[in-house]
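# Coordinate analysis (summary)
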Amino acid sequence: MSSPPASFPPPCPHLASYRASLSRPFRHLRRCLRACPLGPPSVRLDPLSHPHCPFCSSSSSTSPRLLACLSCAQVFCPSHAASHPSSSPGHHISVDLLRAELFCCSCLDQVYDRDFDSTVLRVFHDACPLNTNTNTPTSPSTPRKRRRLDFSHWRPDPSQAHLIRTRSTPLHSDHSDHSDPSDPSTSRSGVPLRGLNNMGNTCFLNSVLQALLHAPPLRNFFLSDRHNRFLCARRPRNAKDICLVCDLDQIYSAVFSGDRTPFTPAKFLYSWWRISSDLASYEQQDAHEFFISVLDRIHDNLVEDQQNSNNNAQGDCCIAHRVFSGILRSDVTCTYCGFTSTTYDPCIDLSLDLDPTHITRHNARNGEKETKQKHNKNRSPPTTLMRCLQKFTRPERLDNEQKFYCQKCKERRESLKQMSIRKLPLVLCFHVKRFEHSTMKKTLRKIDSCLQFPFSLDMAPYLSSSVLRSRYGNRLLPAILDNGGSEVGISSGASSEFEIFAVVTHSGRLDAGHYVTYLRINNSWYKCDDAWVVKVEESTVRESQAYMLFYVQKVLYYTAGDNNTGISTGIDEPT
């Protein structure tokens, strides 16, 4: 059954009457409007005046909204707006002093007028010039719109079916009712999960590899033979060149071969040591630094994909960037004149600070760790991933040492800096900053506070279009966003919804900790502790000390006319 067509309310007759009574109804309001560089415009008020409603005690300091009549300038609150046209016939239209929006006192509703909005925008442009730095190297080019295709099952042709029968190995489901529970090579999961042997303080490597192995877009890339290590070995290269992607392809083949005995990624570790000589040791390394290093090496190895790509500015030069790369938007606004400078920077993860009010303290007594957490009567809610994201996108006032050089004022001024996400990647990685510098002892210390995270995450509130809309309002959003409002199409849509699939945790002290990965497969959680793979409850994952969180887009689309990559670069290019 088709839905009825949308009906629009009739135009306000009182606004039409007000416009008919004046030749230029809103021209005189230009000198009464004040453009605020850090928010929406408002009505200019005399600093010595104290506007208030004559019918009640509402004033500009006690009431969030006050209205002023456009005909007689009488001030009143919305509760007493209906009585004004009765005492003053014909005085129907008023303006909101705080938000500079029209309000009909007879209809008791906000009304819209295109000429009035044009006047407000003209005042904002004259007072607050914008500079989006679109010519800077870090600014991405305007993305081209791509047509989305409906899902269709892939059916192999005769030659592909022959290759599948002769060159592939079926995955055996291991129900293992008679398996030994003490043997780490057996798994009762019924899914192709395989543990990784610890080669001596290599739990950081195993935990990150488990997350990468089960990242759906990256897994599909390697299992579909998009990088064949045998063909890559035939390419002419120097003897010193090491292809870490070939070693990763070997691990994918081994992990998804159906064999459940723990795999030893010794060749991958040796290749990574040769490439990253500064980290070549059996000491414990940071999992996040290893994750960044692996993606950088994948990017360096896939030289052919980088040279053949036409979308380097969008971060589409290799499979690592097509899966993990996003774009951050940084707005620095001068608090004196409102001049705004906008820059764009690529990112492959988001590093989030924990709420300092929830940081736990540690005291060592006889070699034992004692954790004390702050308790008070007005205890704040627990730290959540959403609170960390709100802090990440919150405007930050730069101190005197970080004053921004304003191109309009021609000197350094105090400014506000606000971060937002311009483009989301296919796989979103969050890095929780659990290690911080102690100013007292000048050493590193670990933060053991718990972080609550959702399994389903909507990133729409933290996109550039949403962050700037909440700051400036819908009316000024097209003027703030660059390229004629093209950013709305980049940072909005249903694909901003993500599902979690991996959690990397860290337990223990800073110098002697241990990394473990929790994988979510078919709504079941599995703990990958090096060679051991066991099924765990959901509560175990929620109570863990999350260090890295991996989310994948909930809905993926095919891209029309793009047979080269087969993978979306983000929500603006669905796959």
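The model shown is predicted, which means the values in this text are computed figures rather than measured ones. (Residues numbered from 1 in each chain as written. Predicted model: local features only at pLDDT ≥ 70, side-chain atom pairs only at ≥ 80, totals over all residues. Heavy atoms only, no water.)

### Points about the packing of aromatic side chains
- Under the definition given, this model contains 14 aromatic pairs.
- Summarising the aromatic geometry, the rings of Phe430 and Tyr551 are spaced 5.8 Å apart at their centres and angled 80° between planes, so their arrangement reads as edge-to-face. Taken together, the residues span a long stretch of sequence, with Phe430 in strand 19 (residues 427-433) and Tyr551 in strand 27 (residues 546-553) at a distance of 121 residues. Per residue, the accessibility class of Phe430 equals that of Tyr551, and both read buried. (Phe/Tyr/Trp six-rings, centres within 6.5 Å; stacked < 30°, edge-to-face > 60°. Helix = DSSP H or I, 4+ residues; strand = E, 2+ residues; numbered from the N terminus. Buried < 20%, exposed > 50% of the residue type's maximum accessible area, 1.4 Å probe, protein only.)

### Comments concerning the packing of helix 8 (residues 244-255) against helix 10 (residues 287-301)
- Close contact between helix 8 and helix 10 brings their axes to 8 Å; oriented N to C, the two are set at 115°. Between helix 8 and helix 10, the interaxial angle falls into the category roughly perpendicular. Residues Leu244, Val245 and Leu248 of helix 8 pack against Arg297, Ile298 and Asn301 of helix 10.
- Residue composition of the contact of helix 8 with helix 10, by class: 4 nonpolar, 1 polar and 1 charged. (Axes fitted to C-alpha atoms, helices over the stretch in contact; angles between N-to-C directions. Parallel < 35°, antiparallel > 145°, perpendicular 65-115°, else oblique. Contact = heavy atoms within 4.5 Å. Nonpolar A, V, L, I, M, F, W, Y, C, P; charged D, E, K, R; others polar.)

### Considerations on the nonpolar core
- In this structure, Phe268, Phe291, Ile298, Phe324 and Phe550 are the most contacted members of the largest nonpolar core, which totals 60 residues.
- Of all hydrophobic cores here, the second largest spans 34 residues; its members include Leu350, Ile447, Leu457 and Leu549. (Core = buried A, V, L, I, M, F, W, Y, C linked by side-chain atoms within 4.5 Å.)

### Let's talk about the packing of helix 5 (residues 203-213) against helix 8
- Relative orientation of the contacting elements helix 5 and helix 8 amounts to 75°, with a least axis distance of 11 Å. One way to sum up the angle between helix 5 and helix 8 is to call them roughly perpendicular. Facing helix 5, whose interface residues are Leu209, Leu212 and Leu213, helix 8 presents Leu248, Ile251, Tyr252 and Val255.
- Each residue belonging to the contact of helix 5 with helix 8 can be placed in one class, and the counts come to 7 nonpolar, no polar and no charged.

### Regarding the pattern of salt bridges
- Throughout the structure, instances matching the rule amount to 17 salt bridges.
- As a salt-bridge pair, Arg65 and Asp96 come within 2.8 Å of each other at their nearest N and O atoms. You can see Arg65 sitting in the loop between strand 2 (42-43) and strand 3 (67-69) and its partner Asp96 sitting in strand 5 (residues 93-96), a full 31 residues away along the chain.
- A relative accessible area of 26% means that Arg65 is categorised as partly exposed.
- A salt bridge links Arg229 to Asp249; the shortest N-O distance between them is 2.8 Å. Of this pair, Arg229 sits in helix 7 (residues 229-233) while Asp249 sits in helix 8, and the two are 20 residues apart along the sequence.
- Overall, the relative accessible area of 23% leaves Arg229 in the partly exposed class. (Salt bridge = Lys/Arg side-chain N within 4 Å of Asp/Glu carboxyl O.)

### Side note on helix 5
- Burial analysis of helix 5 places 11 of its 11 residues in the buried class, the great majority of the element.
- When helix 5 is considered as a whole, its buried residues turn out to be Cys203, Phe204, Leu205, Asn206, Ser207, Val208, Leu209, Gln210, Ala211, Leu212 and Leu213.

### Side note on the confidence of the model for the chain
- For the chain, the average pLDDT comes to 76, and 71% of its residues sit at 70 or higher.
- Mean pLDDT in the chain bottoms out at strand 13 (residues 361-365), which sits at 37, and peaks at helix 5, which reaches 95.
- Counting interchain partners and residues more than four positions distant, the pLDDT-below-50 stretch residues 172-189 has 25 contacts.
- Between residues 488-494, whose pLDDT stays under 50, and residues either more than four places distant or in other chains, the model counts 17 contacts. (pLDDT = per-residue confidence, 0-100.)

### Describing the pairing of strand 26 (residues 532-536)
- Pairing between strand 25 (residues 524-529) and strand 26: 5 bridges, direction antiparallel. Looking at the pairing, Asp529 lines up with Trp532 of strand 26.
- Here strand 25 folds back onto strand 26 in antiparallel fashion, the turn holding 2 residues, of which Asp530 has a positive phi close to 55°. (Pairing = 2+ DSSP bridges.)

### Some words on the sheet that holds strand 5
- Pairing is antiparallel across the open sheet formed by 5 strands, whose spatial order is 4-3-5-6-7. Pairing within the sheet leaves two strands with one partner each, and these edge strands are strand 4 (75-76) and strand 7 (109-110).
- Bridge count between strand 5 and strand 6 (residues 102-104): 3 bridges; the pairing is antiparallel. Note on strand 6: the bridge partner recorded for Ile93 is Cys104.

### Things to note about the pairing of strand 23 (residues 497-508)
- Most of strand 23 is tucked away, with 9 of its 12 residues classed as buried.
- Summarising the sheet, strand 22 (residues 456-458) and strand 23 pair through 3 bridges and their orientation is antiparallel. Residue pairing across strands places Leu457 opposite Phe498, the latter belonging to strand 23.
- In terms of strand pairing, strand 23 meets strand 27 through 7 bridges, oriented antiparallel. If you follow Ala502 over to strand 27, its bridge partner there is Phe550.
- The pairing of strand 23 with strand 24 (residues 513-521) spans 7 bridges and is antiparallel. When the bridges of strand 24 are listed, Gly508 appears paired with Gly513.

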